[in-house]
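Geometric and topological summary
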Amino acid sequence: MDKRKLLIQLDSDPQPSVFDQIVAYDAGADVVLSYGGVMPEMVRDKVHGAIFTRGPKDLQRTAIFIGGSDVAMGEKLLVEVCKHMLPQLGLRVSVLLDANGANTTAAAAVRTAARHLDLRSAKALVLGGTGPVGQRAALLLARQGAQVRLGSRQMAKAAAAVERIRSKIPEAKLEPVAADPTGDLSAALADCTLVLAAGAPGVVLLPQAARQACRTLRVMIDLNAVPPTGIEGVDVADKGVERNGVLAYGAIGIGELKMKIHKAAIARLFERNDQVLDAEEVYALSEGL
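Quick summary incoming for the structure in this document. This one's a predicted model, so the numbers in the text were calculated from it and none came from an experiment.

1. Observations regarding the sheet that holds strand 6 (residues 147–152)
Pairing is mixed in the open sheet, where seven strands are placed in the order 7-6-5-8-9-11-10. At either margin of the open sheet sits one strand with a lone partner, and together these are strand 7 (173–178) and strand 10 (239–243). Averaged over all adjacent pairs, the angle separating strand axes in this sheet is 20°, with direction ignored.

2. Let's talk about the packing of helix 1 (residues 18–26) against helix 9 (residues 251–269)
In the contact formed by helix 1 and helix 9, the axes pass within 9 Å of each other and the chain directions differ by 65°. With respect to helix 9, the element helix 1 is oriented roughly perpendicular. With respect to the hand of their crossing, helix 1 and helix 9 are arranged in right-handed fashion. In contact with Phe19, Asp20, Val23, Ala24 and Asp26 of helix 1, helix 9 contributes Met259, His262, Lys263 and Ile266.

3. Description of the nonpolar core
Counting 76 residues, the largest nonpolar core has Leu7, Ile64, Val81, Leu141 and Ile221 as the members making the most contacts within it. Sequence-distant contacts of Leu7, that is, excluding residues within four places in its chain, are made with Ala24, Ala29, Val31, Val32, Leu33, Ala63, Ile64, Phe65, Ile266, Leu269 and Phe270. In terms of nonpolar packing, the next biggest core, distinct from the first, is built from 19 residues, Leu185, Val195, Leu217 and Val234 among them.

4. Description of the packing of aromatic side chains
This structure, assessed with the given rule, holds zero aromatic pairs. The ring of Tyr35 carries Lys46 above its face, with NZ or CZ at 4.9 Å from the centroid. Sitting over the ring of Tyr283, Arg111 keeps its end group 4.0 Å from the ring centre.

5. Description of helix 5 (residues 132–143)
Counted at 1.5 Å a residue, the expected span for helix 5 with its 12 residues is 16 Å, and the 17 Å between its end C-alpha atoms agrees. Of all 12 residues in helix 5, 10 are buried, a share of seventy percent or more. Taken together, the buried positions of helix 5 are Val133, Gly134, Gln135, Arg136, Ala137, Ala138, Leu139, Leu140, Leu141 and Ala142.

6. Here's the deal with the pattern of salt bridges
For the structure on display, the rule yields 16 salt bridges. Put simply, Lys260 and Glu256 hold a salt bridge, and the shortest N to O gap is 3.9 Å. One end of the pair is Lys260 and the other is Glu256, both in helix 9 and four residues apart, which spans about a single turn. The class of Lys260 is partly exposed, set by a relative accessible area of 42%. Residue Arg272 is joined to Asp274 by a salt bridge in which the shortest nitrogen-to-oxygen separation is 2.7 Å. One continuous salt-bridge network, built from bridges that share partners, spans Arg143, Glu171 and Glu280.

About the thresholds
Residues numbered from 1 in each chain as written. Predicted model: local features only at pLDDT ≥ 70, side-chain atom pairs only at ≥ 80, totals over all residues. Heavy atoms only, no water. Pairing = 2+ DSSP bridges. Helix = DSSP H or I, 4+ residues; strand = E, 2+ residues; numbered from the N terminus. Axes fitted to C-alpha atoms, helices over the stretch in contact; angles between N-to-C directions. Parallel < 35°, antiparallel > 145°, perpendicular 65-115°, else oblique. Left-handed = near helix turned anticlockwise from the far one by under 90°. Contact = heavy atoms within 4.5 Å. Core = buried A, V, L, I, M, F, W, Y, C linked by side-chain atoms within 4.5 Å. Buried < 20%, exposed > 50% of the residue type's maximum accessible area, 1.4 Å probe, protein only. Phe/Tyr/Trp six-rings, centres within 6.5 Å; stacked < 30°, edge-to-face > 60°. Lys NZ or Arg CZ within 6 Å of the ring centre and 35° of its normal. Expected span 1.5 Å × (residues − 1). Salt bridge = Lys/Arg side-chain N within 4 Å of Asp/Glu carboxyl O.

Quick look at the structure:
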């Protein structure tokens, strides 16, 4: 008899996310073991509990999900999880990182853009590009061959984010740009076919007049669900709505695909016990959803 599918939820927040728990059950987990307030020094014992309790042939039915609102901490937890596996003995389980929904949201946004544009020839501006979702979206776009401008109010932050991505993709066509919404955005927008806004909630990153002045723009995606939206004139529920000749997507419009990707990633964890699902792996599994 097959053993139950156990998902171990490691959340850096004091209370583990109810949202992530419900999605896990809907994605096919039989039991979710949730832990809140997880710090790196607490990870080893959780991992050992996961890998030593079942034989290697049953370990594909145990998996780890890393969540929480702090993406940087989630990345540290992922490093610790992988460090304490024993793959040489066949003792490991699959793990998914989706702290603050950063990986699934970025994957959904880029996959949506790919439905309308050939990303290999796209010129993209990622606003809020120094945040966790923005950096992941920029990485995924660059991996697909797009020319990517990564925008931030502070040029130094944009340049640092570009270097982090380039360390993973040396051949990436990346350019840091200063993108102050109160100033002139024409240089940042020049020749762009895609704009993706992934900034802080309630902050306008692209005023309507600036985007309407960009005659090459074909797709705009705003991931901010808190009014005012990051791209002025885009509604949170927009899903391929044409606005001034540009296809618009809002946070809710992207949300359906994000949820499909989230569930598919959880389900994928239980297919094998040797997977590490980060941004690029999550994007790959989203094809066809």
